[in-house]
Amino acid sequence: MTQKGKLIVIEGVDGSGKETQSKKLYQRLKKEGFSVMQISYPRYDKASSEMVKAYLRGDFGDKPQDVSPYIASTFYAMDRYASYKEDYEQFYKAGGIVIADRYTTSNMVHQAGKIQDVKQRKKFLDWLWDYEFHLYGLPIPDLVYFLDIPVTMNQKLMKGRRNKFSGKKKKDIHERDLRYLQRSYKTALSLVDQYHWKRIPCMRAEKLRSIEEIHEEIYEIFINLLRKSD
Ligand SMILES: Nc1ncnc2c1ncn2[C@@H]1O[C@H](COP(=O)(O)OP(=O)(O)OP(=O)(O)O)[C@@H](O)[C@H]1O
Ligand SMILES: Cc1cn([C@H]2C[C@H](O)[C@@H](COP(=O)(O)O)O2)c(=O)[nH]c1=O
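The shown structure was predicted, so the numbers you read here are calculated from the model rather than taken from an experiment. (Residues numbered from 1 in each chain as written. Chains lettered and ligands numbered in written order. Predicted model: local features only at pLDDT ≥ 70, side-chain atom pairs only at ≥ 80, totals over all residues. Heavy atoms only, no water.)

Scanning the protein from N- to C-terminus turns up 8 helices and 7 strands. On C-alpha atoms alone, the protein measures out to a radius of gyration of 17 Å, which is about the 17 Å that the 2.2 N^0.38 rule sets for 230 residues. Going through the 230 residues of the protein one by one, you find that 50% of them count as buried. A total of about 11,900 Å² of accessible surface is found on the protein, and carbon and sulfur atoms cover 52% of it. Charge separation in the protein, taken as the distance between the mean sites of 42 positive and 31 negative side-chain charges, equals 3 Å. (Helix = DSSP H or I, 4+ residues; strand = E, 2+ residues; numbered from the N terminus. Rg over C-alpha atoms; globule rule 2.2 N^0.38 Å. Buried < 20%, exposed > 50% of the residue type's maximum accessible area, 1.4 Å probe, protein only. Areas by Shrake-Rupley, 256 points an atom, 1.4 Å probe, with all protein chains shown as cover. Lys, Arg positive; Asp, Glu negative; His and termini not counted. Charge placed at Lys NZ, Arg CZ, Asp CG, Glu CD.)

Below you can see the structure in the form of structure tokens.
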């Protein structure tokens with residue numbers, strides 16, 4: 001019998017601190033003796049992300065809306081499937097804890113955000129769930145954190161940052177479309193309740209909370225989850 005591990009996802013709009021918080025949680029759990037590994041999507045250094053890079057570069061259109069959310073989602077899902085097989089399936093099935101910086105949840109936030117009609121968006125989300133978790137057989141997350149930071153603030157954090165896969169100043173088609181990022185953020189807030197994600201407010205009294213304080217909140221929630229599943 002396989003002893004399923006735990007999949008913990010850190011989600012948030014671009015530049016919300018996902019990488020920072022995934023690393024901190026990973027390092028703390030490792031230090032405390034947990035069997036833990038870290039993954040991050042998209043895997044820009046792998047061939048399975050070629051279609052993602054082409055999409056984000058604008059090869060299929062300059063605007064996110066130029067590519068259907070269904071089609072764009074298949075690019076990201078393909079990379080996740082390859083990663084499951086190559087990086088963590090054995091580890092996860094042996095009971096390991098996997099911390100993911102982005103996951104299917106990013107398709108839910110960024111691709112569903114392209115659809116304004118409520119019924120059509122629900123139809124897409126149901127399709128996506130079936131596609132990634134049933135057809136591809138990817139693990140369903142045990143816990144999803146949503147790092148809640150307004151788009152105006154993450155724009156400040158991202159200032160001067162170079163494109164992750166080209167290394168150039170030119171931003172990808174998502175990053176350069178502020179309205180699109182705002183729609184993605186709004187979509188995420190609606191998904192938090194619907195899918196029981198843990199919303200982590202990153203601001204207090206209009207100021208950014210410290211990395212350490214946010215980390216403590218994330219860690220406590222994780223430990224409580226472990227206690228409950230004992
Ligand atoms: N709470 C915070 N206070 C101050 N700076 C922060 C905080 N959280 C993250 N940062 C800084 O903001 C920048 C973006 O953070 P990070 O790379 O972790 O975001 P991300 O969500 O992984 O970004 P991307 O969407 O591009 O992958 C980094 O320079 C990081 O050090
Ligand atoms: C994994 C994943 C990502 N996206 C979106 C989210 C971002 O706008 C980009 C990736 O950018 P990053 O700064 O390199 O993290 O792609 C998505 O729409 N669907 C996904 O599954």
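From this point on, the discussion continues.
Inspection of the region around ligand 2 gives 15 residues, with Tyr-44, Tyr-76, Arg-102, Asn-107 and His-174 positioned closest. Separating an oxygen atom of ligand 2 from a side-chain N or O atom of His-174 is a distance of 2.8 Å. Out of a free accessible area of 480 Å², ligand 2 has 97% covered by protein chains. Only helix 3 (69–93) and helix 4 (104–111) provide two or more residues apiece to the shell around ligand 2. (Near = heavy atom within 4 Å. Polar contact = N/O pair within 3.5 Å; in protein donor to acceptor, adjacent residues only side chain to side chain.)

Right, let's get into the nonpolar core. Residues Tyr-55, Tyr-88, Tyr-103, Tyr-145, Trp-197, Ile-218 and Phe-222 are the most contacted members of the largest nonpolar core, which totals 60 residues. In this structure, Trp-197 is in contact with Thr-105, Met-108, Val-109, Val-144, Phe-146, Ala-188, Leu-191 and Val-192, ignoring residues within four places of it in sequence. (Core = buried A, V, L, I, M, F, W, Y, C linked by side-chain atoms within 4.5 Å. Contact = heavy atoms within 4.5 Å.)

Now for the environment of Gln-155. As for its placement among the helices and strands, Gln-155 is situated in helix 6 (residues 151–158). On a C-alpha basis, the gap between Gln-155 and Leu-178 in space is 9.0 Å, while along the polypeptide they are 23 residues apart. Sequence-distant contacts of Gln-155, defined by excluding residues within four places in its chain, comprise Leu-178 and Leu-181.

What follows is about the packing of helix 3 against helix 5 (residues 118–135). Two quantities define a packed helix pair, namely the angle between the helix axes and the distance between the axes. One can describe the packing of helix 3 onto helix 5 by two numbers: an axis separation of 11 Å at closest approach and a directional angle of 25 degrees. What the angle tells us is that helix 3 and helix 5 run roughly parallel. Pair helix 3 / helix 5 crosses with right-handed handedness. Contact with helix 3, carried on its side by Pro-69, Tyr-70, Ser-73, Thr-74, Ala-77 and Arg-80, involves Gln-120, Lys-123, Phe-124, Trp-127, Leu-128, Tyr-131 and Glu-132 of helix 5 and no other residues of that element. Looking at side-chain class alone, the contact of helix 3 with helix 5 contains 7 nonpolar, 3 polar and 3 charged residues. (Axes fitted to C-alpha atoms, helices over the stretch in contact; angles between N-to-C directions. Parallel < 35°, antiparallel > 145°, perpendicular 65-115°, else oblique. Left-handed = near helix turned anticlockwise from the far one by under 90°. Nonpolar A, V, L, I, M, F, W, Y, C, P; charged D, E, K, R; others polar.)

On the basis of which strands lie adjacent, the open sheet formed by 5 strands has the order 2-3-1-4-5 and parallel pairing. Only two strands of the sheet have a single partner each, and these edge strands are strand 2 (36–40) and strand 5 (198–201). This sheet shows a mean twist of 20 degrees between the axes of neighbouring strands, independent of strand direction. Bridge count between strand 1 (residues 6–12) and strand 4 (residues 143–148): 5 bridges; the pairing is parallel. The residue bridging Glu-11 from the neighbouring strand is Phe-146, located in strand 4. Helix 3 rests against strand 1, strand 2 and strand 3 (97–101) of the sheet, and its axis sits at about 150 degrees to strand 2. (Pairing = 2+ DSSP bridges.)

On to the side chain of Asp-172. Secondary-structure assignment places Asp-172 in the loop between helix 6 and helix 7 (178–194). One buried charge, Asp-172, has no salt-bridge partner; the nearest side chain with opposite charge is Arg-176, at 6.9 Å. Look past the residues within four positions of Asp-172 in its chain and what remains in contact with it is Leu-56 and Asn-163. (Salt bridge = Lys/Arg side-chain N within 4 Å of Asp/Glu carboxyl O.)

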